[in-house]
Amino acid sequence: MDLLRTHLLLSSHLLKLGHDLRQALPSKLQIETKQNRLDLVTNIDKTVEQNLVAYLQKHFAAEKIISEEGYGTTVEDLSGYVWTIDPIDGTMNFITQKNSFGILVSLYKDGCGLLGYIYEVMTDRLYYAIHNYGAYCNGHQLQAPANLALTKGLLISDERLIKKASPAFLKVAEETLGIRSYGSATCETLSIIKGEAVAYLNCSTQPWDIAPALVFAAELDLVCTQMSGQAFNLLGENKIIFATPKAHTPLQEVALYL
Ligand code: 2AM
Ligand code: CA
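Residues numbered from 1 in each chain as written. Chains lettered and ligands numbered in written order. Predicted model: local features only at pLDDT ≥ 70, side-chain atom pairs only at ≥ 80, totals over all residues. Heavy atoms only, no water.

1. A short note on the pattern of salt bridges
With the rule as written, the count across this model stands at eleven salt bridges. In this structure, Lys-163 engages Glu-159 in a salt bridge whose closest nitrogen and oxygen atoms are separated by 3.1 Å. One end of the pair, Lys-163, and the other, Glu-159, are both in helix H4 (residues 159–163), four residues apart, so they sit about a helical turn from each other. Its relative accessible area of 68% is what places Lys-163 among the exposed residues. (Salt bridge = Lys/Arg side-chain N within 4 Å of Asp/Glu carboxyl O. Helix = DSSP H or I, 4+ residues; strand = E, 2+ residues; numbered from the N terminus. Buried < 20%, exposed > 50% of the residue type's maximum accessible area, 1.4 Å probe, protein only.)

2. Concerning the sheet that holds strand S13 (residues 223–226)
Here five strands make up an open sheet; going across it, the order is S11-S10-S12-S14-S13 and the pairing mixed. Looking along the sheet, the strands with just one partner apiece sit at the ends: strand S11 (179–180) and S13. Relative to the sheet, helix H6 (residues 185–193) contacts strand S10 (155–157), strand S12 (199–205) and strand S14 (238–243), its axis offset from that of S12 by approximately 150 degrees. In the packing of helix H8 (residues 245–255) onto the sheet, contacts are made with S10, S12, S13 and S14, and the angle to S14 comes to roughly 150 degrees. (Pairing = 2+ DSSP bridges. Contact = heavy atoms within 4.5 Å. Axes fitted to C-alpha atoms, helices over the stretch in contact; angles between N-to-C directions.)

3. What to know about the sheet that holds strand S7 (residues 125–130)
Pairing is mixed across the open sheet formed by seven strands, whose spatial order is S3-S4-S5-S6-S7-S8-S9. Unpaired on one side and paired on the other, strand S3 (65–67) and strand S9 (140–141) mark the two borders of the sheet. Where strand S6 (residues 112–120) and S7 come together, six bridges link them in antiparallel fashion. Within S7, the residue paired with Gly-116 across the bridge is Ala-129. Sitting on the sheet, helix H1 (residues 3–24) touches strand S4 (81–89), strand S5 (102–109), S6 and S7, and the angle it makes with S6 is about 25 degrees.

4. Observations regarding the UniProt feature "binding site: Mg(2+)" (unreviewed entry) in the chain
According to UniProt, the positions carrying the feature "binding site: Mg(2+)" (unreviewed entry) are Glu-68, Asp-86, Ile-88, Asp-89 and Asp-209. Their sequence span is 142 residues, while the largest C-alpha to C-alpha distance among them is just 10.0 Å; these annotated residues converge on one region. With respect to the secondary-structure elements, Ile-88 resides in strand S4. You can call Ile-88 buried: its relative accessible area is 1%. Beyond its immediate sequence surroundings of up to four residues, Ile-88 is in contact with Leu-21, Ile-44, Asp-45, Glu-68, Phe-94, Phe-101 and Gly-102. With residues near it in sequence (within four places) discarded, Asp-209 still touches Asp-86, Asp-89, Leu-104 and Ala-185. Reaching out from Asp-209, the side chain makes a polar contact with the backbone nitrogen of Gln-206 at a distance of 2.8 Å. (UniProt positions renumbered as here; feature names shortened; annotations may be inferred. Polar contact = N/O pair within 3.5 Å; in protein donor to acceptor, adjacent residues only side chain to side chain.)

5. Here we look at the site of ligand 1
Taken together, 14 residues lie near ligand 1, and Asp-89, Gly-90, Thr-91, Ala-185 and Asn-202 sit nearest. The contact in question runs from an oxygen atom of ligand 1 to an N or O atom on the side chain of Arg-160, over 3.1 Å. Ala-185 is positioned with one of its backbone polar atoms (N or O) 2.8 Å from an oxygen atom of ligand 1. When ligand 1 sits alone it has 470 Å² of accessible area, and the protein chains cover 83% of it. Mapped onto the shell around ligand 1, the elements with two or more residues apiece are S4, H4 and S12. Counting residues per element, the shell around ligand 1 draws most heavily on S4, at three residues. Partitioned by chemical class, the residues of the shell around ligand 1 number three nonpolar, four polar and seven charged. (Near = heavy atom within 4 Å. Areas by Shrake-Rupley, 256 points an atom, 1.4 Å probe, with all protein chains shown as cover. Nonpolar A, V, L, I, M, F, W, Y, C, P; charged D, E, K, R; others polar.)

Given below as structure tokens:
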């Protein structure tokens, strides 16, 4: 597969999808509940995922697609090319704020991240990382964030983790410049990628939430592992730390107690 050609085609398709989504936003959303009253899906989540699956299958003969809303394929191992799709990441933000959500797509080959897309639809900012070519936002190359220690920056986490955090976690969190929670992996991982925060902790991420960010991590000297220190598992749920190298080490020690 020609990676740059794939990127050119896919990035222009994502931008068109984002344009169409913004146009469609004034129409009434059809909202359904999934596992609980806070776990929602809309007609737009489904339409975007169906669109992307069809696009990847048509243009890149995609056979393995891990996606949130069930239009992808069953993926049992990471051999060959594997795509991930989260059609709307931050569905609650999408419904309530019409903002602070994203479309997430990535491509892996034999477990190695090749392409990562984090698309902030409402600002029309397409962040992408290409294996060995760097990371960009709308064509402008991103620089690696400063390698700041935990005490020198903000900590990002999701409310589910903060609610059940251990005293050991809270002690370390108090030593940071503060905790923030944005309700979507899009906004939360971009905070680390842009150097606005030094660490992101999440105790319940699915592959489609984090797979694109891992490609950015490799290009921007950031570290993303499971809290156990093991490599991220693209086939299941993960508790993750995504951070600058200096912030990652102390968090991993504490995060084990969560
Ligand atoms: P979703 O909207 O695609 O389901 C990682 O935190 C991801 O988990 C979020 O981007 C969101 O993705 C999902 N999520 C579900 N419930 C959440 C919650 N209460 N707080 C934060 N994220 C949540
Ligand atoms: Ca989603």
